[in-house]
Each structure stands twice: as C-alpha cells, then as structure tokens.
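# Residue-level structure breakdown
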Amino acid sequence: MPERIDSYDILIVGAGFSGMYALIKARELGLSALVLEAGSELGGTWFWNRYPGARCDVESVEYCYQFSEELQQDWEWSERFATQPEILRYINHVAERFDLRHNIQFNSRVTAACYVEADNLWELKTEDEKSFRGKFFIAASGPLSVPLKPTFPEQDAFQGEVLHTGTWPQQPVDFSGQRVAVIGTGASAVQCIPLIADQCSEMTVYQRTPSYVVPARNRAMTQEEVGLVKSDYKALRDKAATMQFALGARYDPEPGSFSEADFEQQQLQFEKWWQVGGLHFLYAFADIMLDPTANKAAAEFLRNKVRQIVDDPELAEKLVSHGVLGSRRLCTGSNYYETFNRDNVHLVDINESPILRFTPVGIETSEAELVHDIIVCATGFDAMTGALTSMDIRGRHDLSLRDKWKDGADTYLGMQVAGFPNLFLAASGVGTPAAFSNVLVSIEHQVDWIYGCIAALTTTGKQTIEPDPAAEEWWVEHVQAVADMTLFPVDSSFYNGGNVPGKHRMFLPFAGGFPAYSDKCQQVATEEYTGFLIT
Ligand code: FAD
Ligand code: NAP
C-alpha cells in the first residue's frame, strides 16, 4: 500500500519567531498548518545561541511581538536588553498562550522541498524520510541559522572541546580553570568574551577584523518606564514603523545632517548617543550611513573611546576598527574593551600571526603554539541564503533554488522567487530590510503580507502566485541601486556573502529602510499584486 502523506494548507519550516507567527496567522485564517523544525525545541536563534552573554541588541520592549495588545500588556521584561534565557521564556509563554506546540513537529530537518506541478502542491521531505504536502510553503528557516564553521588545517587533531556560539550546548559550559580560545570578534564574540574571561584561567582572542563596539548600557527596567511604554504601546510601535531601522522608538533620532553642525556640536551629539548606548549610536546624525565624512567622524569618535578604555596603547590600536561604521551590524557590548585590560586575556591579530593549524593541545600560529582546553568558534553564519540553499528546493520544471541562486539570490520584494510558485520567504533577509532592522518588526510585517496575499488568492479562487521574472529583475537592480546610494555595502561582510569562502558576492539586504520597504509592499498588494503572476 502506498504511504499516506499528510496534507496541509500551509507547510512552515522553522519554529523561531517567524515560524511561530506564521502558525498563529494560519490559525487566524482557519487554515491547516504544520511547522517542521530541525531543533528539539522552539525558539530558533534563541534555542541555538545559548553562549554566555547572549542577549538582544534591540530593546526588549521592542524585541517582541506586537500583534497582541494583551500579550504586550501581560509580559514584563526585566532588563533593557533581555538575556537569551528570558527571551526563550517569552517564546515559550507565547507558544503556551496560543497553544502552538501541537502543530509543530520537532527534530524534523527538511532536506528537500519539491513543487509538484500536476497537483499544485509542495512536497517536503525530512531527514528521517517522512513526506508532507502543502498548498503553500513558508520558509521561516532563519536569516542566521546555519553556523559557519571554520576549516583550519588539522582541525580534528585538537583533543579539547570545540564549540560554536550558534550551536551552543544545551547545558551551561563550565569554563573555570580552563584555557580558552575565542576565534572571531563579531557580535557573538563581543557578548561572550567578557563573561567567559570572568570564569576561565586564560583567554586568547583570535581576531581577524576588529568590530565597532558601543556599550549596551544594559540595566534593569524600572516600573516607571515599563508603565510609560504600556500606557500607549501602540504609539511606540507606530513610531518604530516610521523609523529607518524600525527600532529605538523610545528615542528621537537627530534630524540634522553632520555637516550642519560645528565640531563641538558634532562631538556633543556623538557623546550623547554613546551615553544612550547600543545601536542607537547611529542616530547621532541623520546621514551617518550616507555621508562618508560623517561616517569617518563617528568612527574616529569610537576609536578614541577605545583608546581611552584600553590601558595598553599598542593593544588599543589593534582593537580599533578602520572599516566603514555600520557596514557590518554595529556590535553592542558590556565591558568588551575593558576585558582586554585583564591579565588573563590576550589578543592574537591573525593578520600578523595567521593560524597555521590546530594541534592536539591547541592552536599553532606563525609565531607560536598556544595551549587551549576549549576553542570557541564565534565565526558567524552562512547568512540569509544559507538555510534556504541547504534544503534542496525545486520549483517548476525541477528548477533548483541552489542553481538559480549560484550567481545571485534573486527575489521579488524578498517575498518570493520566480519559478517557485506558492513558496514564500519569511524574513530570510534577502531583498528586505530585516538585517538592518528590529527583525521582529520585519517578521510580523512580512508574515502579515504573506497571509494577506494568501487570503486574496483564496477568496478569488486563484491557485498560484509567483514573481514575474521582469519584476524580480527590477527588484534585484533596485536593491543594488539603493545600497549603492549608502555606505552599507562598502565593506565585505555577511551582508554580501563576503564571510563565506566561495559564496557569490551580492549585497543581499534592502538598505532603503523599513518605511520605504513596507510602503512598496503595501502598494504592490493594493494594486492587486503587480509584478506577480497569478493563475
Ligand atoms: P530563526 O530564529 O533562526 O529560526 C529559524 C528556525 O528554522 C531555526 O529553529 C532552525 O532550526 C529552523 N530551520 C532552519 N532550516 C531548517 C530545515 N531545513 N528544516 C527544519 N528546520 C529548519 N535580531 C534583532 O532584531 N535583534 C536582536 O537583538 C538580535 N539578536 C540576535 C542574536 C543572535 C545571537 C543571533 C544569531 C541573531 C540575532 N538577531 C537579532 C537576528 C535573529 O535571527 C532574529 O531576530 C530572529 O530571531 C529570527 O527569527 P526567525 O524565526 O526568522 O529565524
Ligand atoms: P559575525 O558578525 O559574522 O562575526 C564572525 C567573526 O568571526 C568575525 O570576526 C569574523 O572575522 C570571524 N571569523 C569567521 N571565520 C573566521 C576564520 N576562518 N578565521 C578567523 N576568524 C573568522 O558573526 P556573529 O558574531 O555570530 O554575528 C552575526 C550576526 O548575528 C550579527 O551581525 C547580528 O546581526 C546577530 N547577533 C546579534 C547579537 C546581539 O547583540 N543581539 C549577538 C550576536 C549575533 P571577519 O570579520 O574577518 O570575517
């Protein structure tokens, strides 16, 4: 007898913030849905990234769902920037509150997804050879869910423990008395280095590219400020939606441009936003990401802060970045630079002393062999496209997404890909402002748009939707043109695939800001999905 294949209206891959919200929306519309999740639990990013110090860099009161006023009112964030355990508690609270678990299948990694043209259905296959069918396929597989593991010569020779921040063990790691190596100095490293250094006996940080790190200025939330937010949460959310990065609505970004201010005023404004802390530093002038002079001045201001904090001037010079500020996501830290004043913390600049190989007891550079018990790889992710291309997704005429994206990850509005009918991307980051925004705002916006589209199709009796290739081409060119008007694409980073050896270089996110993007999506929907082919 042929195997029975379960069928749904909506198949969702991923049980992070996007997949959970996609499930809630399916229920709202009375559609049957199943979520397939590779992990053994909910949470996505916040399930996998459990390293010490992991917390959000968007204020907690904004880094949460806004679709339910009751949920917003009931949940109470304890800190300005919530820790990973608190965010995971919130995610579980949402799952219980909306009774999500029984439509989620854990330990189910999707390896293949195929559009069955004859039946106008998607068929998904999991690692354990199970198949599922659905009319619509929503890939909520995450912008940063495929860890990038470095490949150094003789990596397997090391006899200690090798950890990656993006697949951290479920149980806390005990670093006491350990000689620890941290490879990488991006946002994850910036968060975990100070906490691990507190515990371990010796720490060596292997740095390839220094980051700009602004103090997070994390603290407990006061009852007064929580009360203020909750007294008109909607106003806060509405304001965020009008802001370039859709975050920081408790503050008022400076409207003026850098060149309008004199030197003293410029330094005062930088200092003011340094004191506010976190990503908000980019709000010191309206044109920090547009005017190279403004950007250079902001960068120099940050370099001078490092020179003040780090006792050893030579070390301080190694820690300062000379890249374009903001062309990689600005890091927010707590005691990051201060940690390098500790006697048990050492920096290896691997541009000067490259890593040659791992050895049974540690890492050999061109200068020396250093002994470690634990190596922490804070080496990032195959961002945005990685989760999608790690599945074998096939659309019309067996067209493979991997093949299509070999020379560029083309999408229309970051929502759909030509040749892949009824496949929607939820906050993959490609062709959308998600990476530059409070991702939670982008997630709800995109998922709402997707279900608006599905509802429009269903009520008009239509069967399929996919981008017109001409519209897709236009969007790809538009994303590039907008990026080129800014300073975002200048440096190599995961925004353009530059962090993954051999990956096609293309600036992936939409740099025109959340308001411009959401306006465009709204316009397309209002005009009955211009640029899409509907059958
Ligand atoms: P994810 O949370 O990544 O969830 C995707 C899920 O899909 C994962 O659980 C994964 O296991 C699953 N999956 C992937 N492929 C498959 C497959 N083939 N089969 C089955 N399941 C699959 N953004 C902000 O705006 N502010 C922040 O402060 C912030 N902090 C961050 C901190 C860290 C350490 C990291 C790594 C990212 C951070 N981000 C932040 C970005 C963050 O990824 C998003 O905010 C958000 O959590 C993404 O949710 P998601 O559901 O789209 O993706
Ligand atoms: P990342 O920003 O890509 O940083 C990876 C680091 O590892 C970089 O310093 C990189 O150097 C280094 N690296 C990679 N491969 C290497 C190799 N083979 N040898 C030596 N060094 C290597 O990754 P991430 O720190 O995990 O952060 C990714 C994103 O996740 C962030 O931008 C942010 O969006 C999100 N995040 C947010 C927070 C938060 O504050 N809430 C925390 C963590 C992550 P190069 O730069 O030279 O490639």
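Structural data are supplied above this passage.
The present account deals with the structure reproduced in this document. (Residues numbered from 1 in each chain as written. Chains lettered and ligands numbered in written order. Predicted model: local features only at pLDDT ≥ 70, side-chain atom pairs only at ≥ 80, totals over all residues. Heavy atoms only, no water.)

A few words now on the layout of surface pockets. In this structure, the second largest pocket encloses a volume near 280 Å³. In this structure, the second largest pocket is lined by 16 residues; those nearest its centre are Q244, F245, A286, M289 and L290. (1 Å grid on protein atoms, 1.4 Å probe; cavity = no way out; pocket = protein on both sides within 12 Å on 5 of 7 lines; lining within 4 Å. Points joined across faces, edges and corners; volume = space filled by probe spheres on them.)

Looking now at the site of ligand 2. For ligand 2, the set of nearby residues contains 24 residues, the closest of which are R55, S188, R208, T209 and R328. Take T185: an N or O atom from its main chain is 2.9 Å from an oxygen atom of ligand 2. One of the side-chain nitrogen or oxygen atoms of Q191 is found 3.1 Å away from an oxygen atom of ligand 2. In isolation ligand 2 has 920 Å² of accessible area, and contact with the protein removes 87% of it. (Near = heavy atom within 4 Å. Polar contact = N/O pair within 3.5 Å; in protein donor to acceptor, adjacent residues only side chain to side chain. Areas by Shrake-Rupley, 256 points an atom, 1.4 Å probe, with all protein chains shown as cover.)

What follows deals with the pairing of strand β4 (residues 110-116). As judged from the 6 bridges shared by β4 and strand β5 (residues 121-126), these two strands associate in the antiparallel manner. The partner of Y115 across the bridge, within β5, is W122. Here β4 folds back onto β5, and the loop between the two strands holds 4 residues, one of which, N120, carries a positive phi near 50 degrees. Sheet topology places β4 next to strand β17 (residues 392-394); 3 bridges connect them, and they run parallel. Counted as the bridge partner of A113 is I393 from β17. (Pairing = 2+ DSSP bridges. Helix = DSSP H or I, 4+ residues; strand = E, 2+ residues; numbered from the N terminus.)

Further remarks concern the sheet that holds strand β12 (residues 345-349). Backbone hydrogen bonds hold the strands of a sheet together, and the pairing may be parallel or antiparallel. Pairing is parallel in the open sheet, where 5 strands are placed in the order β7-β16-β8-β9-β12. Two strands in the sheet have a free side with no partner beyond their single neighbour: β7 (161-164) and β12. Sheet twist, expressed as the mean angle between neighbouring strand axes with direction ignored, is 20 degrees. Of the strand pairs in this sheet, β7 and strand β16 (residues 374-377) are connected by 4 bridges, and their pairing is parallel. Each bridged residue has a counterpart across the sheet, and for L163 the counterpart in β16 is V376. On the sheet, helix α5 (residues 187-199) packs against β8 (179-183), β9 (202-207), β12 and β16 and is oriented at approximately 160 degrees with respect to β9. (Axes fitted to C-alpha atoms, helices over the stretch in contact; angles between N-to-C directions. Contact = heavy atoms within 4.5 Å.)

Another aspect to go through is the packing of helix α8 (residues 263-276) against helix α9 (residues 292-309). In the contact formed by α8 and α9, the axes pass within 11 Å of each other and the chain directions differ by 60 degrees. Put simply, α8 runs oblique to α9. For the pair α8 and α9, the sense of crossing is right-handed. For the pair α8 and α9, the contacting residues are Q267, F270, E271 and W274 in the first and A294, A297, A298, F301, L302, K305 and I309 in the second. In terms of residue class, the contact of α8 with α9 is built from 8 nonpolar, 1 polar and 2 charged. (Parallel < 35°, antiparallel > 145°, perpendicular 65-115°, else oblique. Left-handed = near helix turned anticlockwise from the far one by under 90°. Nonpolar A, V, L, I, M, F, W, Y, C, P; charged D, E, K, R; others polar.)

Taken in spatial order, the 3 strands make up an open sheet running β13-β14-β15, and their pairing is antiparallel. Of all the strands in the sheet, the pair left with one neighbour each is β13 (355-359) and β15 (369-371). Within the sheet, the average angular offset between the axes of one strand and its neighbour, ignoring direction, is 25 degrees. The sheet contact formed by strand β14 (residues 362-365) and β15 spans 3 bridges and is antiparallel. Across the sheet, the residue bridging to I363 is L370, located in β15.

Lining the immediate environment of ligand 1, one finds 35 residues, of which S18, E37, D57, Y63 and V439 sit closest. Measuring from an oxygen atom of ligand 1, one finds a backbone N or O atom of D57 at 2.5 Å. The contact in question runs from an oxygen atom of ligand 1 to an N or O atom on the backbone of V439, over 2.7 Å. Residues of the shell around ligand 1, tallied by class, amount to 19 nonpolar, 12 polar and 4 charged.

Relative to the helices and strands, I288 resides in the loop between α8 and α9. Sequence spacing of I288 and F358 is 70 residues, and the spatial spacing of their C-alpha atoms is 41 Å. Every residue in contact with I288, bar those within four places of it in the chain, is listed here: F270, F281, L282, A294, N295, A298, L325 and L487.

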